[in-house]
Amino acid sequence: MTTPIRLGIAGLGTVGAGVVKIVQRHAAMIEARAGRAVDITAVSARSRDKDRGVRLSAYAWEDDPVALARRDDIDVLVELMGGTDGPAKAATEAALDTGKDVVTANKAMLAVHGQHLAAMAEDTGRTIRFEAAVAGGIPIVKSLTEGLAGNDVRRVMGVMNGTCNYILTRMENERLPYEEVFEDARKLGYLEADPNLDVGGIDAGHKLSLLAAIAFGTKVNFPAVELEGIGNITTGDIEQAADMGFRVKLLGVAQMTGRGLEQRMSPCLVPAQSPLGQLENATNMVVVEGDAVGQVVLRGAGAGEGPTASAVMSDVIDIARGIRVAPFGQPASQLADAVAANSSTPAPYYMRLSLADKPGALAKVATTLGEAGISIDRMRQYGHMATTAPVLIVTHKTGRSALKDAVAKIEGLDVVKGPIVSLRIEDV
Ligand code: NAP
Ligand code: HSE
């Protein structure tokens, strides 16, 4: 008879409790699929007394996750505590050091230490798997490393933060201001402990950097992701985008260009009728374009107990089956250094500015754009405030750096009031 595979679970919060539930509920089914039983041997969390809605009495308890990782009666550490450094990284290293495989949902840790941890796993002959770290229940890591492994990937893009998509969707559908929906997201428990990880685009940027590493065979390079959050988006921007047939999405795009690896996570306008444009609420979507397969679209729950635990179990079952795909799809030692693109692919941009309502004001803006070599495609003025008029400009294709320079100059004009919002119009 094949021996069971033994898990040590560090972290019994939303995801950890979800994993325990699946292991308990589907023990026979998992054993049939994995070819051996999957048992939980020991668990760890901060508070031993907390009611987590699951039975834990059959498992050994460790206060210290590093001690859990070092136990000789576990084969796999399931790290579900979170955090870039601290106990998550210490426990992961301890597990690899003592010959265990690791399954984690921790995108923050992998975006910063992914290369080091993958190399360490390789040196110790183990693996570290992270399906749950990107887009929750969507099997995008497995799709890229296995299902699409025969493709030269051209582009990976998607909506990878459920909280931001929830906020933007409700702002649009119910015409609610950002601040109000943000508070609702907080009440629903959607926000990370540090909400800026969500609304600042950092969490989604972490995820994008992991997908880019797999897609392009490069070392994870999170610092090179161009990041911008959704905090400046107004209901006005959303309505004006809708008028033009677009929706605002916090969109991540990674593509290899002649200038290097482009990785950006920013609010963009996407066609309302495109699959990405139709994505509502906290759902995630990842789109992969490969030379042989064409476009593949994956959509599903990007967070929550069940979906995230489902992804964790996929990795656990693979390891139980003896499947050991390299974490980033090829040996860590062979991953290339990603040369960051020094400018992003040109695109049309949407700009919203508040202009003094007096003769010659618009001409000054148009002249500044013209001097920057930026051509105007469309322009609209939306009513009047007391002394200003909101003006919307759509440019023809231009580079981001040219646009940034022009925006800075326009913000310096005496006829322009307050900051300008500029959003890329993405060709999806
Ligand atoms: P959570 O609900 O906050 O749970 C964290 C767990 O870790 C808690 O059980 C906590 O113990 C434990 N913990 C924290 N510090 C610890 C320490 N020093 N020693 C031992 N245990 C410690 O977090 P979560 O939402 O389950 O997220 C876990 C991981 O999954 C994170 O990396 C997160 O980014 C990732 N993830 C989450 C989701 C999601 O939908 N929630 C989706 C994708 C990925 P106590 O319970 O005793 O406080
Ligand atoms: N805060 C994340 C989100 C959780 O909203 O998508 C899942 O990674």
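Since this is a predicted model, take the numbers as computed values, not measurements.

When you look at the nonpolar core in this model, what are you seeing that I'm missing?
Side chains of a nonpolar character, in soluble globular proteins, are inclined to be buried together. Ile 140, Ile 167, Leu 211, Ile 230, Leu 269 and Phe 328 are the most contacted members of the largest nonpolar core, which totals 80 residues. Once residues lying within four places of it in the same chain are set aside, the contact partners of Ile 230 are Cys 164, Ile 167, Leu 168, Tyr 178, Val 199, Leu 250 and Pro 267. Leu 7, Ile 22, Val 312 and Ile 317 belong to the second-largest nonpolar core, a separate cluster that totals 33 residues.

Got a minute to help me understand the side chain of Lys 107 in this structure?
Relative to the elements of secondary structure, Lys 107 occurs in helix 5 (residues 107-124). Taking the relative accessible area as the measure of exposure, Lys 107 reaches 18% and is therefore buried. The contacts of Lys 107, once residues within four sequence positions are left out, are Ala 133, Glu 192, Asp 203, His 206, Lys 207 and Leu 210.

Can you help me understand helix 7 (residues 162-174) in this one?
Because each turn of an α-helix spans 3.6 residues, side chains separated by three or four positions in sequence point in the same direction. Here helix 7 spans 18 Å end to end across 13 residues, near enough to the 18 Å set by a 1.5 Å rise per residue. The element helix 7 is extensively covered by neighbouring structure, given that 10 of its 13 residues are classed as buried. Listing the buried residues of helix 7 in full gives Gly 162, Thr 163, Cys 164, Asn 165, Tyr 166, Ile 167, Leu 168, Thr 169, Arg 170 and Met 171. Along its buried surface, helix 7 packs onto strand 7 (153-159), helix 8 (178-187), helix 9 (196-199), helix 11 (235-243), strand 9 (246-257) and strand 11 (283-290). For helix 7, the side-chain oxygen to backbone nitrogen distance between the N-cap and Thr 163 is 3.2 Å, and the N-cap itself is Asn 161. Immediately beyond the C-terminal end of helix 7, within one or two residues, lies Arg 175, with a positive phi of roughly 50°.

How should the sheet that holds strand 5 (residues 101-104) be read in this particular structure?
Sheet strands pair by backbone hydrogen bonding; their relative direction is either parallel or antiparallel. Reading across the sheet, the 6 strands line up as 3-2-1-4-5-6 and stay open at both edges, with parallel pairing between neighbours. On the outer flanks of this sheet lie strand 3 (60-62) and strand 6 (128-129), each paired with one strand and no other. Judged from the 3 bridges that link them, strand 2 (residues 38-44) and strand 3 form a sheet pairing that is parallel. Paired with Ser 44 across the strands is Glu 62, a residue of strand 3.

What is the right way to read the site of ligand 1 from this model?
Neighbouring ligand 1 are 23 residues; Leu 12, Val 15, Ser 47, Arg 52 and Gly 304 lie closest to it. Backbone polar atom of Ser 47 to an oxygen atom of ligand 1: 2.7 Å apart, as the coordinates give it. In this structure, Gly 304 approaches ligand 1 through a main-chain N or O atom, which is 2.7 Å from an oxygen atom. Protein coverage of the free-state accessible area of ligand 1, which is 890 Å², stands at 80%. Because more than half of its atoms lie within 2 Å of the grid, ligand 1 is assigned to the largest pocket.

What is the right way to read the packing of helix 7 against helix 8 from this model?
For any two helices packed against each other, one specifies the inter-axial angle together with the distance between the axes. Where helix 7 meets helix 8, the axes come as close as 9 Å, and the angle between the chain directions of the two elements is 135°. The orientation of helix 7 with respect to helix 8, classified from their angle, is oblique. Taken as a pair, helix 7 and helix 8 cross one another with a handedness that is right-handed. In contact with Thr 163, Tyr 166, Ile 167, Arg 170 and Met 171 of helix 7, helix 8 contributes Tyr 178, Val 181, Phe 182, Asp 184 and Ala 185. Looking at side-chain class alone, the contact of helix 7 with helix 8 contains 7 nonpolar, 1 polar and 2 charged residues.

Parameters at a glance
Residues numbered from 1 in each chain as written. Chains lettered and ligands numbered in written order. Predicted model: local features only at pLDDT ≥ 70, side-chain atom pairs only at ≥ 80, totals over all residues. Heavy atoms only, no water. Core = buried A, V, L, I, M, F, W, Y, C linked by side-chain atoms within 4.5 Å. Buried < 20%, exposed > 50% of the residue type's maximum accessible area, 1.4 Å probe, protein only. Contact = heavy atoms within 4.5 Å. Helix = DSSP H or I, 4+ residues; strand = E, 2+ residues; numbered from the N terminus. Expected span 1.5 Å × (residues − 1). Polar contact = N/O pair within 3.5 Å; in protein donor to acceptor, adjacent residues only side chain to side chain. Pairing = 2+ DSSP bridges. Near = heavy atom within 4 Å. Areas by Shrake-Rupley, 256 points an atom, 1.4 Å probe, with all protein chains shown as cover. 1 Å grid on protein atoms, 1.4 Å probe; cavity = no way out; pocket = protein on both sides within 12 Å on 5 of 7 lines; lining within 4 Å. Sits in = over half its atoms within 2 Å of the grid points. Axes fitted to C-alpha atoms, helices over the stretch in contact; angles between N-to-C directions. Parallel < 35°, antiparallel > 145°, perpendicular 65-115°, else oblique. Left-handed = near helix turned anticlockwise from the far one by under 90°. Nonpolar A, V, L, I, M, F, W, Y, C, P; charged D, E, K, R; others polar.

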